[in-house]
Amino acid sequence: MRKIGKVDIVGTPYTIYLYEEGEFKALQDDAKERDERYLQPAKEGSLDGYCDYMSKEIRIYNDSFTDIKYFEMTLRHEISHAFLYEIGNSNYDNEEFVDKLSKWVPQIAYIFQRAEACLKIKKALGDVDA
Ligand SMILES: [Zn+2]
């Protein structure tokens, strides 16, 4: 297990860890024994990451790191779980919602950036009160 970063999720720090194959399987087995509902696959039939709400840890399986796009998708998915949990949204454990949210957020961020650019242009033209 390797610590690869820390993120602030609405005021709560979460640590991101990268796990090697054997370590991750041990985590899975442990979670199955404890019947942890929050240990959910990032995509059907696989388990490449999970979010531990109690220890405030996001755990990513190292194999997903070989494909950077898939790693990003897994990380965004787990961060979305943590975000919904920390804001008290009841969908924090809803895999379908979490998966959609993790795909919508980059698009929403892009739209906000475009809207901000429009506002700056309007301000520069003097059409909007500062
Ligand atoms: Zn999930």
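Here, the structure is the one placed above.
Small disclaimer: the values here were computed from a predicted structure and weren't measured. Within each chain, residues carry numbers counting from 1 in the order of the written sequence. Totals for whole chains, interfaces and linings use all residues, but because this is a predicted model, local features are given only for residues with pLDDT of at least 70 and pairs of side-chain atoms are given and counted only at 80 or more.

Engineer: Explanation requested: helix α3 (residues 95-124) in the structure shown.
Structural biologist: The periodicity of an α-helix, 3.6 residues per turn, causes residues three or four positions apart to be oriented the same way. Taking 1.5 Å of rise per residue, 30 residues should cover 44 Å, and α3 covers 44 Å from first to last C-alpha, within 8% of that figure. Bend is the name given here to the angle between axes fitted to two runs of seven residues, the run ending at a residue and the run starting at it. Secondary structure elements are taken from DSSP: a helix is a run of H or I of four residues or more, a strand is a run of E of two residues or more, and numbering for both begins at the N terminus. The largest bend along α3 reaches roughly 30 degrees and is located at W104, with the proline P106 sitting one to four residues downstream. Each residue is classified by how many other C-beta atoms fall within 10 Å of its C-beta atom, where C-beta atoms are placed from the backbone; a count of 20 or more means buried, 12 or fewer means exposed, and values in between mean partly exposed. Judged by how many residues are buried, α3 sits mostly at the surface: 3 of 30 residues are covered. Those residues of α3 that fall on the buried side of the exposure criterion are V98, L101 and S102. Lining the buried residues of α3 we find α2 (68-86). Among the residues trailing α3, G126 stands out with phi positive, at a value near 80 degrees. Under the convention used throughout, the expected extent of a helix is 1.5 Å for every residue step, that is, one less than its residue count. For every residue pair, C-beta atoms are placed from the backbone, and the pair is scored as a contact if these atoms sit within 7 Å.

Engineer: I'm lost on the pairing of strand β2 (residues 12-19) in this one. Help?
Structural biologist: The side chains of a regular strand alternate between the sheet's two faces. With 7 bridges connecting them, strand β1 (residues 2-9) and β2 associate as antiparallel partners. Bridge assignment links D8 to a residue of β2, and that residue is P13. Pairing between strands requires that DSSP locate at least two bridges from one strand to the other. Linking two consecutive strands that pair antiparallel, namely β1 and β2, is a turn of 2 residues; a positive phi of about 40 degrees is found at V10 within it. Across 5 bridges, the pairing between β2 and strand β4 (residues 57-61) is parallel. Its bridge partner being in β4, T15 is matched across the sheet by E57.

Engineer: Mind showing me how you'd approach the pairing of strand β3 (residues 49-52) here?
Structural biologist: Alternating residues of β3 divide into G49 and C51 and Y50 and D52, and every residue in both groups is buried. Bridge count for β3 against β4 is 4 bridges, and the pairing is antiparallel. Residue pairing for β4: C51 is matched across the bridge by I58. Where β3 folds back on β4, the antiparallel hairpin that results is connected by 4 residues, among which K56 adopts a positive phi of roughly 60 degrees.

Engineer: Would you mind going over the environment of F24 with me for this structure?
Structural biologist: When you line up the elements, F24 lands in helix α1 (residues 21-34). Apart from residues no more than four positions distant in its own chain, F24 is found in contact with Y19 and Y61.

Engineer: Teacher, can you tell me more about α2 here?
Structural biologist: Helix length check: α2, at 19 residues, gives a terminal C-alpha distance of 26 Å against a target of 27 Å (1.5 Å per residue), a fit within 8%. Within the sequence span of α2, burial applies to T74, L75, H77, E78, I79, S80, H81, A82, F83, L84 and Y85. On its buried face, α2 is in contact with β1, β2, β3, β4 and α3. Directly after α2, the chain includes G88, whose backbone phi takes a positive value near 80 degrees.

Engineer: Explain the packing of α2 against α3 to me, please; I cannot follow it from the model alone.
Structural biologist: The packing of two helices is summarised by the inter-axis angle and the distance between the axes. Running from amino to carboxyl end, α2 crosses α3 at an angle of 110 degrees, the nearest separation of the two axes being 8 Å. When the interaxial angle is binned, α2 and α3 end up roughly perpendicular. Of the residues in α3, those in contact with R76, H77, S80, H81 and L84 of α2 are V98, D99, L101, S102 and V105. Throughout, the ten residues Ala, Val, Leu, Ile, Met, Phe, Trp, Tyr, Cys and Pro are labelled nonpolar, Asp, Glu, Lys and Arg are labelled charged, and all others, Gly among them, are labelled polar. Of the residues in the contact of α2 with α3, the class split is 4 nonpolar, 4 polar and 2 charged. Think of each axis as a best-fit line through the C-alpha atoms, taken over the contacting stretch in the case of a helix, with angles from 0 to 180 degrees between the N-to-C directions. To sort the angles, those under 35 degrees are grouped as roughly parallel, those over 145 as roughly antiparallel, those from 65 to 115 as roughly perpendicular, and the leftovers as oblique.

What is shown is where atoms sit, not what they do.
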